[in-house]
Amino acid sequence: MLFTLLFTSTTGVFAQFSIQKALRYDYLSERWSDYQQETKYGLLDFSRRYFKDTISVAEMKEAFFKYKDVKFMASPYEGFDSIMRLGSIGEGVMLLSPLRNHARKEIRESRGVWRWFGSPRLVNLLDKNGTPQEALLKKIKDDELKKMMNGEIISLKSPRRYMGYVISPAASMEVYMDGKLIGRSPSVNYSDFFAYANHYSNVLDGEWYHDVSGGARLLGVLQGMNTMIHAKTSEKTFSVLLYAKTYPRSKRVTYTIDLLLPNNPDKETENLFMSLKDFVESLPSKSFAPYYTTDLRLMTGRYYKVTVNKCGWLIQDYLDL
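Quick look at the structure, then. (Residues numbered from 1 in each chain as written. Predicted model: local features only at pLDDT ≥ 70, side-chain atom pairs only at ≥ 80, totals over all residues. Heavy atoms only, no water.)

### Let's talk about the overall build of the protein chain
When you go through the protein chain residue by residue, the secondary structure sums to nine helices and 16 strands. Out of the 321 residues belonging to the protein chain, those deemed buried represent 46%. When contacts within the protein chain are restricted to residue pairs at least 6 apart in sequence, long-range pairs at least 24 apart make up 64% of them. (Helix = DSSP H or I, 4+ residues; strand = E, 2+ residues; numbered from the N terminus. Buried < 20%, exposed > 50% of the residue type's maximum accessible area, 1.4 Å probe, protein only. Contact = heavy atoms within 4.5 Å.)

Structure (C-alpha coordinates):
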(Lines give C-alpha, C1' and ligand atoms only; values in the text may rest on other atoms or scores of the structure.)
Protein backbone atom coordinates (compact mmCIF):
# COMPACT_ATOMS: atom_id res chain seq x y z
CA MET A 1 0.00 0.00 0.00
CA LEU A 2 1.08 3.60 -0.57
CA PHE A 3 1.29 4.56 3.09
CA THR A 4 2.21 2.25 5.97
CA LEU A 5 1.41 3.16 9.56
CA LEU A 6 2.96 0.97 12.22
CA PHE A 7 2.19 1.19 15.91
CA THR A 8 5.04 -0.75 17.44
CA SER A 9 5.32 0.51 21.02
CA THR A 10 4.54 3.43 23.27
CA THR A 11 7.99 4.88 22.53
CA GLY A 12 7.97 4.32 18.77
CA VAL A 13 4.37 4.80 17.78
CA PHE A 14 4.64 5.92 14.21
CA ALA A 15 7.40 3.89 12.58
CA GLN A 16 6.98 5.06 9.02
CA PHE A 17 4.78 6.92 6.60
CA SER A 18 5.28 9.63 4.02
CA ILE A 19 2.63 12.36 3.81
CA GLN A 20 2.20 16.12 3.66
CA LYS A 21 4.06 18.28 6.15
CA ALA A 22 1.21 18.50 8.67
CA LEU A 23 1.32 14.74 9.29
CA ARG A 24 4.97 13.99 8.70
CA TYR A 25 6.56 11.25 10.78
CA ASP A 26 8.72 13.45 13.00
CA TYR A 27 5.78 15.70 13.88
CA LEU A 28 3.54 12.86 15.10
CA SER A 29 6.46 11.18 16.82
CA GLU A 30 7.28 14.38 18.67
CA ARG A 31 3.64 14.94 19.59
CA TRP A 32 3.39 11.39 20.94
CA SER A 33 6.46 11.94 23.10
CA ASP A 34 5.04 15.21 24.44
CA TYR A 35 1.63 13.62 24.99
CA GLN A 36 3.16 10.79 27.00
CA GLN A 37 4.85 13.29 29.29
CA GLU A 38 1.76 15.45 29.75
CA THR A 39 -0.42 12.46 30.59
CA LYS A 40 2.18 10.62 32.66
CA TYR A 41 0.46 11.46 35.90
CA GLY A 42 -3.24 11.93 36.38
CA LEU A 43 -5.94 11.61 38.95
CA LEU A 44 -5.91 7.81 38.62
CA ASP A 45 -2.38 7.78 40.00
CA PHE A 46 -3.33 9.85 43.02
CA SER A 47 -6.80 8.70 44.02
CA ARG A 48 -7.73 5.17 45.04
CA ARG A 49 -10.87 6.21 46.91
CA TYR A 50 -12.85 7.60 43.98
CA PHE A 51 -13.77 6.48 40.46
CA LYS A 52 -13.42 2.85 41.44
CA ASP A 53 -16.18 1.66 39.09
CA THR A 54 -16.06 1.64 35.30
CA ILE A 55 -19.14 1.96 33.12
CA SER A 56 -19.65 -1.39 31.42
CA VAL A 57 -19.77 -1.97 27.68
CA ALA A 58 -23.38 -3.08 28.00
CA GLU A 59 -24.30 0.18 29.74
CA MET A 60 -22.54 2.25 27.07
CA LYS A 61 -24.37 0.41 24.29
CA GLU A 62 -27.71 0.82 26.05
CA ALA A 63 -27.02 4.55 26.44
CA PHE A 64 -26.30 4.90 22.72
CA PHE A 65 -29.62 3.50 21.58
CA LYS A 66 -31.46 5.49 24.25
CA TYR A 67 -29.80 8.87 23.69
CA LYS A 68 -28.27 8.93 20.18
CA ASP A 69 -31.06 11.15 18.85
CA VAL A 70 -31.64 13.18 22.02
CA LYS A 71 -30.61 16.84 22.15
CA PHE A 72 -29.86 17.68 25.77
CA MET A 73 -31.00 21.12 26.87
CA ALA A 74 -30.12 20.91 30.56
CA SER A 75 -26.78 22.31 31.66
CA PRO A 76 -24.10 19.74 32.62
CA TYR A 77 -23.60 21.87 35.77
CA GLU A 78 -27.15 21.23 36.94
CA GLY A 79 -27.22 20.00 40.53
CA PHE A 80 -23.51 20.60 41.21
CA ASP A 81 -21.36 23.36 42.61
CA SER A 82 -19.44 25.20 39.93
CA ILE A 83 -15.93 26.56 40.14
CA MET A 84 -14.13 29.16 38.01
CA ARG A 85 -10.35 29.04 38.02
CA LEU A 86 -8.31 32.21 37.64
CA GLY A 87 -6.70 32.34 34.22
CA SER A 88 -8.76 29.44 32.83
CA ILE A 89 -11.50 29.46 30.26
CA GLY A 90 -14.81 27.98 31.32
CA GLU A 91 -15.91 26.42 34.54
CA GLY A 92 -15.79 23.11 36.28
CA VAL A 93 -18.18 21.09 38.41
CA MET A 94 -17.22 20.37 41.99
CA LEU A 95 -18.21 16.79 42.72
CA LEU A 96 -17.44 16.83 46.44
CA SER A 97 -18.64 20.16 47.79
CA PRO A 98 -17.48 21.48 51.20
CA LEU A 99 -21.02 22.79 51.66
CA ARG A 100 -22.16 19.22 52.28
CA ASN A 101 -20.27 19.40 55.59
CA HIS A 102 -22.21 22.40 56.90
CA ALA A 103 -24.45 21.99 59.93
CA ARG A 104 -27.40 23.87 58.39
CA LYS A 105 -29.62 21.88 56.03
CA GLU A 106 -30.48 24.86 53.83
CA ILE A 107 -26.80 25.44 53.13
CA ARG A 108 -26.11 21.75 52.53
CA GLU A 109 -28.89 21.70 49.94
CA SER A 110 -27.66 24.84 48.17
CA ARG A 111 -25.46 24.95 45.12
CA GLY A 112 -22.24 26.88 45.59
CA VAL A 113 -20.46 29.07 43.07
CA TRP A 114 -16.73 29.23 43.76
CA ARG A 115 -13.77 31.12 42.37
CA TRP A 116 -10.32 29.65 42.66
CA PHE A 117 -7.62 32.08 43.77
CA GLY A 118 -5.00 29.66 45.05
CA SER A 119 -7.85 27.99 46.92
CA PRO A 120 -11.64 27.94 46.39
CA ARG A 121 -13.52 31.03 47.53
CA LEU A 122 -17.30 30.88 47.88
CA VAL A 123 -18.85 33.81 45.98
CA ASN A 124 -22.50 32.78 45.64
CA LEU A 125 -25.17 30.38 46.82
CA LEU A 126 -28.05 29.21 44.63
CA ASP A 127 -31.17 27.33 45.62
CA LYS A 128 -32.55 24.41 43.63
CA ASN A 129 -34.21 26.84 41.20
CA GLY A 130 -30.99 28.75 40.59
CA THR A 131 -32.04 31.78 42.62
CA PRO A 132 -29.15 33.57 44.42
CA GLN A 133 -29.28 33.35 48.21
CA GLU A 134 -27.31 36.44 49.24
CA ALA A 135 -28.63 36.59 52.79
CA LEU A 136 -27.75 32.95 53.37
CA LEU A 137 -24.29 33.47 51.89
CA LYS A 138 -23.55 36.24 54.40
CA LYS A 139 -24.31 33.87 57.28
CA ILE A 140 -21.41 31.60 56.34
CA LYS A 141 -18.40 32.82 58.25
CA ASP A 142 -14.78 32.41 57.21
CA ASP A 143 -13.98 30.08 60.07
CA GLU A 144 -16.91 27.88 59.08
CA LEU A 145 -15.50 27.57 55.55
CA LYS A 146 -12.13 26.55 56.93
CA LYS A 147 -13.74 23.82 59.01
CA MET A 148 -15.75 22.61 56.03
CA MET A 149 -12.71 22.47 53.78
CA ASN A 150 -11.04 19.42 55.24
CA GLY A 151 -10.24 16.56 52.90
CA GLU A 152 -10.47 16.13 49.13
CA ILE A 153 -12.22 18.34 46.61
CA ILE A 154 -12.66 16.75 43.19
CA SER A 155 -13.66 18.80 40.17
CA LEU A 156 -14.23 18.15 36.48
CA LYS A 157 -13.25 20.90 34.08
CA SER A 158 -15.69 21.90 31.33
CA PRO A 159 -18.03 18.89 31.60
CA ARG A 160 -20.13 17.88 28.59
CA ARG A 161 -23.21 15.72 28.18
CA TYR A 162 -22.46 12.51 26.29
CA MET A 163 -25.10 9.85 25.68
CA GLY A 164 -26.82 10.51 29.00
CA TYR A 165 -23.61 10.88 31.00
CA VAL A 166 -21.84 14.05 32.11
CA ILE A 167 -18.15 13.59 31.39
CA SER A 168 -14.74 15.24 31.24
CA PRO A 169 -11.18 13.90 30.82
CA ALA A 170 -9.90 16.82 32.90
CA ALA A 171 -10.37 15.81 36.54
CA SER A 172 -8.38 17.17 39.45
CA MET A 173 -8.18 16.50 43.16
CA GLU A 174 -7.08 18.97 45.81
CA VAL A 175 -6.57 18.14 49.46
CA TYR A 176 -7.24 20.76 52.15
CA MET A 177 -6.59 21.02 55.85
CA ASP A 178 -8.42 23.82 57.69
CA GLY A 179 -8.93 25.66 54.43
CA LYS A 180 -5.29 25.41 53.31
CA LEU A 181 -4.21 23.51 50.21
CA ILE A 182 -1.77 20.75 51.15
CA GLY A 183 -1.79 18.61 47.99
CA ARG A 184 -2.96 18.59 44.39
CA SER A 185 -3.04 16.07 41.56
CA PRO A 186 -2.01 16.95 37.99
CA SER A 187 -4.83 17.28 35.49
CA VAL A 188 -4.97 15.77 32.00
CA ASN A 189 -6.51 18.22 29.54
CA TYR A 190 -6.94 16.09 26.41
CA SER A 191 -9.42 13.35 25.61
CA ASP A 192 -6.95 11.36 23.48
CA PHE A 193 -3.67 11.53 21.60
CA PHE A 194 -5.36 12.36 18.29
CA ALA A 195 -7.05 15.44 19.76
CA TYR A 196 -3.71 16.41 21.30
CA ALA A 197 -1.79 15.96 18.03
CA ASN A 198 -4.41 17.92 16.10
CA HIS A 199 -4.27 20.86 18.52
CA TYR A 200 -2.45 23.80 17.01
CA SER A 201 0.72 24.54 18.97
CA ASN A 202 0.22 28.30 18.56
CA VAL A 203 -3.22 28.20 20.18
CA LEU A 204 -2.78 28.95 23.88
CA ASP A 205 -6.34 28.46 25.09
CA GLY A 206 -9.42 26.40 24.38
CA GLU A 207 -11.23 23.63 26.18
CA TRP A 208 -10.63 19.92 25.79
CA TYR A 209 -13.81 19.35 23.77
CA HIS A 210 -12.74 21.89 21.13
CA ASP A 211 -10.18 19.35 19.87
CA VAL A 212 -12.37 16.24 19.91
CA SER A 213 -13.75 16.77 16.40
CA GLY A 214 -10.34 17.31 14.84
CA GLY A 215 -8.93 14.35 16.75
CA ALA A 216 -11.62 12.04 15.37
CA ARG A 217 -10.92 13.29 11.84
CA LEU A 218 -7.19 12.65 12.33
CA LEU A 219 -7.98 9.10 13.44
CA GLY A 220 -9.89 8.67 10.17
CA VAL A 221 -6.99 10.06 8.12
CA LEU A 222 -4.56 7.65 9.76
CA GLN A 223 -6.91 4.73 9.14
CA GLY A 224 -7.12 5.79 5.50
CA MET A 225 -3.32 5.59 5.28
CA ASN A 226 -3.35 2.24 7.04
CA THR A 227 -5.52 0.60 4.37
CA MET A 228 -6.74 1.10 0.81
CA ILE A 229 -9.89 -0.97 1.30
CA HIS A 230 -11.98 2.15 0.77
CA ALA A 231 -10.64 2.76 -2.75
CA LYS A 232 -13.14 0.44 -4.40
CA THR A 233 -16.08 0.76 -2.03
CA SER A 234 -19.37 2.53 -2.45
CA GLU A 235 -20.13 5.02 0.31
CA LYS A 236 -20.98 3.35 3.60
CA THR A 237 -21.87 4.77 7.01
CA PHE A 238 -21.83 2.93 10.31
CA SER A 239 -21.58 3.69 14.03
CA VAL A 240 -19.16 2.12 16.47
CA LEU A 241 -18.32 2.12 20.16
CA LEU A 242 -14.60 2.34 20.85
CA TYR A 243 -13.64 1.28 24.37
CA ALA A 244 -10.79 -0.05 26.48
CA LYS A 245 -10.57 -3.83 26.72
CA THR A 246 -8.54 -3.58 29.92
CA TYR A 247 -9.16 -1.65 33.12
CA PRO A 248 -7.98 1.99 32.92
CA ARG A 249 -5.58 1.51 35.85
CA SER A 250 -3.77 -1.28 34.01
CA LYS A 251 -0.17 -0.70 32.99
CA ARG A 252 -1.10 -1.41 29.40
CA VAL A 253 -4.56 -0.48 28.15
CA THR A 254 -5.79 -2.00 24.87
CA TYR A 255 -8.72 -0.93 22.72
CA THR A 256 -11.32 -2.38 20.41
CA ILE A 257 -14.58 -1.40 18.73
CA ASP A 258 -18.06 -2.92 18.51
CA LEU A 259 -20.54 -2.22 15.74
CA LEU A 260 -23.63 -0.31 16.91
CA LEU A 261 -25.36 0.49 13.61
CA PRO A 262 -26.55 -0.78 11.19
CA ASN A 263 -28.23 -3.73 12.83
CA ASN A 264 -27.83 -5.90 9.73
CA PRO A 265 -24.71 -4.73 7.91
CA ASP A 266 -23.94 -5.89 4.38
CA LYS A 267 -20.67 -7.64 3.56
CA GLU A 268 -18.96 -4.46 2.40
CA THR A 269 -19.79 -2.67 5.67
CA GLU A 270 -18.59 -5.68 7.67
CA ASN A 271 -15.25 -5.62 5.83
CA LEU A 272 -14.81 -1.90 6.48
CA PHE A 273 -15.69 -2.38 10.14
CA MET A 274 -13.19 -5.22 10.54
CA SER A 275 -10.48 -3.11 8.89
CA LEU A 276 -11.11 -0.28 11.37
CA LYS A 277 -11.24 -2.77 14.25
CA ASP A 278 -7.81 -4.18 13.33
CA PHE A 279 -6.44 -0.64 13.24
CA VAL A 280 -7.93 0.35 16.61
CA GLU A 281 -6.66 -2.83 18.25
CA SER A 282 -3.13 -1.92 17.11
CA LEU A 283 -3.20 1.49 18.83
CA PRO A 284 -0.72 1.88 21.69
CA SER A 285 -1.68 1.98 25.34
CA LYS A 286 -2.99 5.28 26.69
CA SER A 287 -4.00 6.57 23.25
CA PHE A 288 -7.30 7.51 24.92
CA ALA A 289 -7.72 9.06 28.35
CA PRO A 290 -10.63 7.82 30.46
CA TYR A 291 -13.56 10.14 30.90
CA TYR A 292 -14.57 10.91 34.48
CA THR A 293 -18.31 11.08 35.14
CA THR A 294 -20.26 13.14 37.64
CA ASP A 295 -21.46 9.94 39.31
CA LEU A 296 -17.80 9.16 40.17
CA ARG A 297 -17.23 6.47 37.58
CA LEU A 298 -14.82 5.99 34.68
CA MET A 299 -15.96 5.84 31.08
CA THR A 300 -13.55 4.54 28.45
CA GLY A 301 -15.98 4.67 25.53
CA ARG A 302 -16.11 6.86 22.43
CA TYR A 303 -19.13 6.92 20.13
CA TYR A 304 -18.09 7.38 16.51
CA LYS A 305 -19.99 7.80 13.26
CA VAL A 306 -17.86 6.49 10.39
CA THR A 307 -18.38 7.43 6.76
CA VAL A 308 -16.26 5.67 4.13
CA ASN A 309 -16.04 6.23 0.40
CA LYS A 310 -13.37 6.14 -2.31
CA CYS A 311 -11.94 9.41 -0.97
CA GLY A 312 -11.15 7.96 2.45
CA TRP A 313 -12.46 7.69 6.01
CA LEU A 314 -14.38 10.37 7.89
CA ILE A 315 -14.73 9.65 11.62
CA GLN A 316 -16.98 11.91 13.70
CA ASP A 317 -17.47 11.82 17.45
CA TYR A 318 -21.10 11.91 18.55
CA LEU A 319 -20.02 14.49 21.13
CA ASP A 320 -20.12 16.97 18.24
CA LEU A 321 -23.11 15.58 16.36
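The rest of the description comes next.
### Regarding the packing of aromatic side chains
To describe a pair of aromatic rings, you give the distance between the ring centres and the angle between the ring planes. The tally for this structure, following the rule as stated, stands at 17 aromatic pairs. Seen from their ring centres, Phe64 and Tyr318 are 5.4 Å apart, and the 90 degrees between their planes marks the pair as edge-to-face. Of this pair, Phe64 sits in helix H3 (residues 57-67) while Tyr318 sits in the segment after strand S16 (312-317), and the two are 254 residues apart along the sequence. Each member of the pair, Phe64 as well as Tyr318, carries the same accessibility label: buried. Aromatic side chains Trp208 and Tyr209 sit 5.8 Å apart centroid to centroid with 90 degrees between the ring planes, which places their arrangement in the edge-to-face category. An aromatic cluster of at least three residues, connected via ring pairs, comprises Trp32, Tyr35, Tyr190, Phe193, Phe194, Tyr196, Tyr255 and Phe288. Geometry around Tyr196 places Arg31 over its ring, the cationic atom sitting 4.3 Å from the centre. Across the ring face of Tyr209, the terminal group of Arg160 is positioned such that the distance to the ring centre comes to 3.9 Å. (Phe/Tyr/Trp six-rings, centres within 6.5 Å; stacked < 30°, edge-to-face > 60°. Lys NZ or Arg CZ within 6 Å of the ring centre and 35° of its normal.)

### Some points on the nonpolar core
Within the largest apolar cluster, 32 residues are counted, with the highest numbers of intra-cluster contacts made by Phe194, Phe238, Tyr255, Leu276, Leu283, Tyr304 and Val306. Filtering out sequence-adjacent residues up to four positions away, Tyr255 remains in contact with Leu242, Tyr243, Ala244, Lys245, Val280, Glu281, Leu283, Pro284, Ser285, Lys286, Ser287 and Phe288. Formed by 18 residues, the second largest nonpolar core is a distinct cluster that contains Met60, Tyr291, Tyr318 and Leu319. (Core = buried A, V, L, I, M, F, W, Y, C linked by side-chain atoms within 4.5 Å.)

### Focus on the pattern of salt bridges
Note on pairing: side chains with opposite charge can pair once their charged atoms come close. Going through the model one piece at a time under the given rule, you end up with 12 salt bridges. Among the ionic pairs, Arg49 bridges to Glu152, the shortest N-O distance being 2.7 Å. Taken as a pair, Arg49 in the loop between helix H2 (43-46) and strand S1 (53-54) and Glu152 in strand S6 (residues 151-157) lie far apart in primary sequence, 103 residues in all. When its relative accessible area of 55% is taken as the criterion, Arg49 is described as exposed. Owing to a relative accessible area of 22%, Glu152 belongs among the partly exposed residues under this scheme. Ionic pairing is found between Glu268 and Lys236, a salt bridge with its closest N-O pair at 3.8 Å. Of this pair, Glu268 sits in helix H9 (residues 267-280) while Lys236 sits in strand S11 (residues 236-244), and the two are 32 residues apart along the sequence. The network of salt bridges with shared partners includes Glu59, Asp295 and Arg297. (Salt bridge = Lys/Arg side-chain N within 4 Å of Asp/Glu carboxyl O.)

### Remarks on H9
Here H9 contains 14 residues, and its C-alpha end-to-end distance of 20 Å stays within 8% of the 20 Å for a straight helix at 1.5 Å per residue. Residues of H9 that are buried sit in contact with helix H8 (212-226), S11, strand S12 (255-261), strand S15 (302-309) and S16. (Expected span 1.5 Å × (residues − 1).)

### Quick word on the sheet that holds S6
If you trace the seven strands from one edge of the open sheet to the other, you get S5-S4-S2-S3-S6-S9-S10, paired in mixed fashion. Only two strands of the sheet have a single neighbouring strand rather than two, namely strand S5 (120-126) and strand S10 (180-184). On average, each strand axis in the sheet is inclined to that of its neighbour by 30 degrees, with strand direction left out of account. (Pairing = 2+ DSSP bridges. Axes fitted to C-alpha atoms, helices over the stretch in contact; angles between N-to-C directions.)

### Let's talk about the pairing of strand S4 (residues 111-116)
The sheet contact formed by strand S2 (residues 81-85) and S4 spans four bridges and is parallel. Among the inter-strand pairings, Met84 is bridged to a residue of S4, identified as Arg115.

### A closer look at the sheet that holds S1
Here we have five strands laid out as an open sheet, ordered S1-S14-S13-S8-S7, and mixed in their pairing. Every interior strand has two partners, whereas the edge strands, S1 and strand S7 (160-162), have only one. Here S1 runs beside strand S14 (residues 297-299); their pairing, made up of two bridges, is parallel. Looking across to S14, one finds that Thr54 is bridged to Leu298.

### Focus: the pairing of S6
Both faces of the sheet carry side chains from a regular strand, because those side chains alternate between them. Across three bridges, strand S3 (residues 91-94) lies against S6 in antiparallel orientation. Counterpart to Val93 in the pairing with S6 is Leu156. The pairing of S6 with strand S9 (residues 171-177) spans six bridges and is antiparallel. From the neighbouring strand, Ile153 faces S9, where its bridge partner is Glu174.

### Quick notes on the environment of Asp34
Along the polypeptide, Asp34 turns up in helix H1 (residues 25-38). Distance in space between the C-alpha atoms of Asp34 and Phe193 is 9.9 Å, their sequence separation being 159 residues.

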